[in-house]
Amino acid sequence: MNWLDQNILTLVTFIPAAGGVLLMLAPRRDREIRWFALLVSFIAFIASLHLPAHFHRDHAGFQFEQNVPWISSPNIHYHMGMDGISMWLVVLTTFLTPLCVLISWTSIHERVKEFFILLLVLESALLGVFVALDLFLFYFFWEATLIPMALLIGMFGHGRRVYAAVKFFLYTMIASVFMLAGILWLYAKTGSFDFVVLQNQIHSGGIPDFAGASFWLFLGFFIAFAVKVPLFPFHTWLPDAHVEAPTAGSVLLAGVLLKMGTYGMLRFNLGLFPEQARANAGWIGVLALIGIVYGALVAMVQPNMKKLIAYSSISHLGFVVLGIFSFTQAGLNGAMFIMLAHGVATGGLFMLAGILYERRHTYEISEFGGLATPMPAYARFFLVVVLASVGLPLLNGFIGEFLVLSGAFQAKMWWGIVGATGVIWSACYLLWMYQRVFFGQVKHDVKNSLPDLNLREKTALWPAVVMALAMGVAPMLWLNGIDPAVKNVLSPSTEKNISLAGEGARATQALASKVVGQ
Amino acid sequence: MTLAFQTMNAIPHGPDYVSILPEIVLSIFGLIIMMLDPVMDERRSQRTLGGVALIGGILAMAATIFQGHYLSHTGVASLAAFWNMVQIDAFSIFFHFVVAAVTILVILASYEYMEVQQIRAGEYYGLLLFGAVGMDLMSSAVELVLIFVALEISSIATYILAGFRRRSAISAESSVKYFLLGSFATSFFLYGVALMFGATGSTSISTIGEALSQFELGHGPMLAYVGVALMFVGLGFKVAAAPFHIWTPDVYEGAPSPVVAFMSTAPKAAVFAVLLRIMFQGHVPGRVWLIWVVAALSMTIGNIAALVQDNVKRLLAYSSIAHAGYLLVAFAVWPSADAKNGIAAAMFYTASYAVMNVGAFAVVGHFASQGERYVTIEDYAGLGKRSPVLAAVFTTFLLSLIGIPAFGGFFAKFYVFSAALQQNLVGLVIIGVINSAIAAYYYLRIIVVMYMREPREEIPVAPIPVGLGFALGLSLAATIYLGVLPNRVLEYASRSVELLR
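From a predicted model like this one, the values you see are computed outputs, not experimental measurements.

### Remarks on the overall build of chain A
Tallying secondary structure elements over chain A gives 19 helices and 2 strands in all. Taking 2.2 N^0.38 as the reference for a compact globule, 518 residues should give roughly 24 Å; the C-alpha atoms of chain A span a radius of gyration of 22 Å, in line with that estimate. Along the longest, intermediate and shortest principal axes, the C-alpha atoms of chain A span 70 × 55 × 40 Å. The 518 residues of chain A split such that 59% are buried. Residue pairs at least 24 apart in sequence account for 81% of intrachain contacts in chain A once pairs closer than 6 positions are excluded.

Okay, here's the thing in structure tokens:
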């Protein structure tokens, strides 16, 4: 293994933070600071492309591993590594950050330096979450995402930003304490924080008292992740955070932060406590279904565009959780795919909402109407992204929902039936919103004078739109990396399940080829 | 005491003086300051005396390091001196180091503060150094009467320091209150020593340990229990553990901020050293449930009361009560084979709490400006905009106090809780963890106000002066160092615990 392969994860993770530190020392010259932030985030993106380029797709275990002892007591290692599950989340993060920089170019005009420092530090922390394989390191990055995000909301948000920032912080902080308790318990019993070591010990049954404690451990981790996702009924922080956050904050919040929760479920809840995960799948699936339907119904009646998108996130993330806890190859693949697709599509929606806010300083849907006339380019971008989010075939939203639903049908018939209604709901609220914003009467004259997208905004939107289409047309490019890792998550339970998983894999292949064939 | 008197005729020799070297250095510099003060011009004495005190602090730290080298050079684990009243080992050197570090930081932070507050400097720096003498002596004394004397040396210095803002009524109140309640508490300690002497016939901790180790744990003489309990009351007062904490908020509110920085960290470290020595080396019949209750009470009362404070100094006072509680969790691990993890954790905690709390109070002292006018949370509104550096530094200390990873406060809590978990003190850990979550709220409130509220223009923020800059820089570096590379400090602590046996 060459030097680059060994250190690439460290490089990708810390390039943004290093940029942030440099910015701290820089003089307050807003223009240069913006360009510098864009450059740094772009470099991070380019560096992260090394991962899919040199990733062994047939290999299920962790790759690009780096394992150095860091602190001897407690036994903490600097252990980084990734598999097909984390790889695309890393790339998604580095992909969205330059877009966030672009979209904040003019909307942030006060304390510009602080804003971009926070944004870059946040990116580093997010990347760290996805590649850390030491539970302690993971927890460190997990908590480290909180502070910059809360500050982004609180310092640069709108109206009730302080309330939203504090609520966000307290919700996630308090929930993650339960995870910390679980991590400490595991450490106290095994003397290790290492994910791989712990996984092996758990599977070989070498941990004393594990049987009695495993439910509580599972629950501790699960609560931390469920609040982050957010799963019904832990979702109330999300709409507030989204509505008040600045655009870039919303994009990263919806695009990446929420996926920390589902990633955590996939990696830790399923990876460390497979039996408990299966035993508890019933009620978790129900919560996910409630989330899907409830999120969609509440989204439908929102007068505020950003709040609508926020509730649609709750609904979409419900699909992800449903897919994960369906314990089928298709469901898990679909869950992973929705995570990525939702990141691109909802990230795009928030960017578009932000562009509108810059022009009119409101998110109220009733304030708009007939925008297609003065802003045709904007309307077209919006349409593509909305359709991607709705789940139109050939766009990225469809593949994931399709796979999750087929997984849900395999698991429990009625899960699939209820879940499938979510697809209809999402079409209702998104298309209805589109209609109210872009068609109909142009009531106020001011709307006629709204400028259409400029070059910078188009530059920020094109990648998202292209990606939505590419992921919809060629999902296998993504799925073939995800599939082995997902299989690996599913397999370590019993013989029977492995063979089932094998069938599932064939089914997935068949499904995917069908999808592509369309 | 009998042991000590038997050999009293011998003349102290070289190594004896090495064992109290930092104390000697500090005393000499304290005396120099007291002598220089009357002969110097009042206006210029400020900086000169501060400089002298700083040199004294640095030399005391050098002396501490020398002690460490002396031990490793001679190859002995511990050096008993002055008829077994003082003992130098890795354990006491650790606390000497903490006390010296705090003293240096506080002197640096006081450097400009004294001018702004228009306080005459002379005795101030002298008392700081004398206080440090007492604390150093506390951490190396292994004889209860000497511990009492050292405790008094440090206490009397801090009683006076607390009242140093002479023009302010609350400062005087603070001093008197601290003095009255403090002397009351030390008398408890003394009574405990007397009872212990009655129970075991000695005041030397190691002799007490030998006498009590004949009994099975928890079946010693009743008198010894009562003695320990009384000593615990006296020491609990000094560390502001609930239910002996009533004085803390008033005293911290009234005393000058650098003094609060000093007395909320260094004496606490020293007292915890005493407590560790008495319990651990003295093989004292530990009543774990007593410590359990005190720890749980301190954490809960401290944090809940802090929630409703509007004055930052009072808030930090309640937070220090809570932190005493977290620290006591480590003591509840005793007695067991794993106690050494708990003790090492407690040592680490004192060190990291010292640096972050000194830093926090240094910021508060600077921001409060003349007459300590600006001390409410509302006053901090918009600090993030008006003085980004000060706000960022303060934020770091607050995050460390919350226990966010990458800062010293996190590992401190982490070590303490994991030591407690190894002993299956699950209930206490749960109380502790819930408390940490509650605590996050009030620390965050300050951060939120600093960054997310509109600034109040009428409050001026002076640029950070040099001395304070050094103090903040050093404590910041230490806080981050303990949070990123806690290895060396923790290893040193564990090793010193091994040797303690």
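Next, the rest of the story.
### Remarks on the overall build of chain B
Within chain B, the regular secondary structure consists of 22 helices and 2 strands. Against the compact-globule benchmark of 23 Å for 501 residues, chain B has a radius of gyration of 22 Å, which places it among compact chains. In terms of its C-alpha atoms, chain B occupies a principal-axis envelope of roughly 70 × 55 × 40 Å. Within chain B, the fraction of its 501 residues that count as buried is 62%. Within chain B, contacts between residues separated by at least 24 positions form 82% of all contacts whose residues are at least 6 apart in sequence.

### Focus on the nonpolar core
All names here are of chain B. Residues Ala 330, Phe 348 and Val 416 are the most contacted members of the largest nonpolar core, which totals 405 residues. Per element, the largest residue contribution to this core is 21 residues, and it comes from helix 16 (residues 339-368). With residues up to four places along the chain from it excluded, the contact list for Phe 348 reads Phe 411, Ala 412, Tyr 415, Pro 486, Val 489, Leu 490 and Ala 493.

### What about the packing of helix 12 (residues 305-324) of chain A against helix 15 (residues 396-411) of chain A?
Residue and element names in this part refer to chain A. Interaxial distance between helix 12 and helix 15 falls to 9 Å at its minimum, and their mutual angle equals 45 degrees. Compared by their axis directions, helix 12 and helix 15 come out oblique. Of the two elements, helix 12 crosses helix 15, and the hand of that crossing is left-handed. Residues Phe 319, Leu 322 and Gly 323 of helix 12 lie in contact with helix 15, whose contacting residues are Glu 401, Val 404, Gly 407 and Ala 408. Residue composition of the contact of helix 12 with helix 15, grouped by class: 4 nonpolar, 2 polar and 1 charged.

### Digging into helix 2 (residues 30-53) of chain A
Look at helix 2 of chain A: 35 Å from first C-alpha to last across 24 residues, which is about the 34 Å you get at 1.5 Å a residue. Elements in contact with the buried residues of helix 2 of chain A: helix 1 (3-25), strand 1 (63-71), strand 2 (76-82), helix 3 (84-103) and helix 4 (112-131) of chain A.

### Side note on the interface of chain B and chain A
Each side of the interface is counted separately: chain B has 21 residues, and chain A has 26 residues. Secondary structure elements with two or more residues in the side of chain B that touches chain A: helix 19 (408-422), helix 20 (426-452) and helix 22 (487-500) of chain B. A per-element tally of the side of chain B that touches chain A places helix 20 of chain B first, with 9 residues. Of the residues belonging to the side of chain B that touches chain A, the class tally is 16 nonpolar, 4 polar and 1 charged.

### Here we look at the packing of helix 3 (residues 21-39) of chain B against helix 6 (residues 122-140) of chain B
Residue and element names in this part refer to chain B. Contact pair helix 3 / helix 6: the axes reach a minimum separation of 8 Å and the direction vectors enclose 165 degrees. Between helix 3 and helix 6, the interaxial angle falls into the category roughly antiparallel. The two elements helix 3 and helix 6 meet at a crossing, and its hand is left-handed. Two secondary-structure elements touch here, helix 3 through Pro 22, Glu 23, Leu 26, Ser 27, Phe 29, Gly 30, Ile 33, Met 34 and Asp 37 and helix 6 through Gly 122, Glu 123, Tyr 125, Gly 126, Leu 129, Phe 130, Ala 132, Val 133, Asp 136 and Leu 137.

### Here we look at the pairing of strand 2 (residues 86-89) of chain B
Residue alternation in strand 2 of chain B divides its side chains into two sets, Val 86 and Ile 88 of chain B and Gln 87 and Asp 89 of chain B, and both sets are buried. Linkage of strand 1 (residues 78-81) of chain B to strand 2 of chain B, two consecutive antiparallel strands, is achieved through a turn of 4 residues, within which Phe 82 of chain B is found at a positive phi near 50 degrees.

### A look at the pairing of strand 1 of chain A
Bridge count for strand 1 of chain A against strand 2 of chain A is 6 bridges, and the pairing is antiparallel. Each bridged residue has a counterpart across the sheet, and for Pro 69 of chain A the counterpart in strand 2 of chain A is His 77 of chain A.

### Some points on helix 14 (residues 288-307) of chain B
Since there are 3.6 residues in each turn of an α-helix, residues three or four apart along the chain are aligned in direction. Residues and elements named next belong to chain B. In this model helix 14 runs 29 Å from its N-terminal to its C-terminal C-alpha over 20 residues, within 8% of the 28 Å that 1.5 Å per residue would give. Looking at helix 14, one finds that the buried residues are Ile 291, Val 294, Ala 295, Ala 296, Ser 298, Met 299, Gly 302, Asn 303, Ala 305 and Ala 306. Looking at the buried positions of helix 14, the neighbouring elements they touch are helix 10 (222-238), helix 15 (312-331) and helix 20.

### Section: the confidence of the model for chain A
Averaged over every residue, the pLDDT of chain A is 85; the share at 70 or more is 93%. Scored below 50 in pLDDT, residues 493-502 of chain A shows 7 contacts in the model against residues more than four places distant or in partner chains.

### Here we look at the environment of Ala 80 of chain B
Residue and element names in this part refer to chain B. Along the chain, the position of Ala 80 falls in strand 1. For Ala 80, a count of 17 C-beta atoms within 10 Å puts it in the partly exposed group. Along the chain, Ala 80 and Ala 141 lie 61 residues apart, while their C-alpha atoms are 9.6 Å from each other.

### Regarding the environment of Ala 335 of chain A
Residue and element names in this part refer to chain A. Within the secondary structure, Ala 335 is located in helix 13 (residues 329-360). Here Ala 335 falls in the buried class, since 28 other C-beta atoms lie within 10 Å of it. A sequence separation of 72 residues divides Ala 335 from Gly 407, and the C-alpha atoms of the two residues are 9.6 Å apart. Apart from the residues within four sequence positions on either side, Ala 335 is in contact with Thr 262, Val 320, Gly 323, Ile 324 and Val 404.

### What about the confidence of the model for chain B?
Residues of chain B with pLDDT of at least 70 account for 94%, and the chain-wide mean is 86. Across the interfaces of the predicted complex, the ipTM metric reaches 0.71, alongside a pTM of 0.82.

### With respect to unusual backbone geometry
A negative phi angle is the norm for most residues apart from glycine, just as the trans form is the norm for most peptide bonds. Residues Val 229 of chain A and Pro 230 of chain A are joined by a peptide bond in cis, for which omega reads -10 degrees. By the element assignment, Pro 230 of chain A lies in the loop between helix 8 (210-228) and helix 9 (237-244). Here the residue pair Ala 242 of chain B and Pro 243 of chain B is connected by a cis peptide bond, since its omega of 0 degrees sits within 30 degrees of zero. Tracing the chain through its elements places Pro 243 of chain B in the loop between helix 10 and helix 11 (248-254).

### A short note on the environment of Ala 330 of chain B
Here Ala 330 of chain B lies in helix 15. Not counting residues within four places of it along the chain, the set of residues in contact with Ala 330 of chain B comprises Gly 342, Ile 343, Ala 345, Ala 346, Tyr 349, Val 416 and Ala 419 of chain B.

The rules behind the values
- Residues numbered from 1 in each chain as written.
- Chains lettered and ligands numbered in written order.
- Predicted model: local features only at pLDDT ≥ 70, side-chain atom pairs only at ≥ 80, totals over all residues.
- Helix = DSSP H or I, 4+ residues; strand = E, 2+ residues; numbered from the N terminus.
- Rg over C-alpha atoms; globule rule 2.2 N^0.38 Å.
- Buried ≥ 20, exposed ≤ 12 C-beta atoms within 10 Å, placed from the backbone.
- Contact = placed C-beta atoms within 7 Å.
- Core = buried A, V, L, I, M, F, W, Y, C linked by C-beta atoms within 7 Å.
- Axes fitted to C-alpha atoms, helices over the stretch in contact; angles between N-to-C directions.
- Parallel < 35°, antiparallel > 145°, perpendicular 65-115°, else oblique.
- Left-handed = near helix turned anticlockwise from the far one by under 90°.
- Nonpolar A, V, L, I, M, F, W, Y, C, P; charged D, E, K, R; others polar.
- Expected span 1.5 Å × (residues − 1).
- Pairing = 2+ DSSP bridges.
- pLDDT = per-residue confidence, 0-100.

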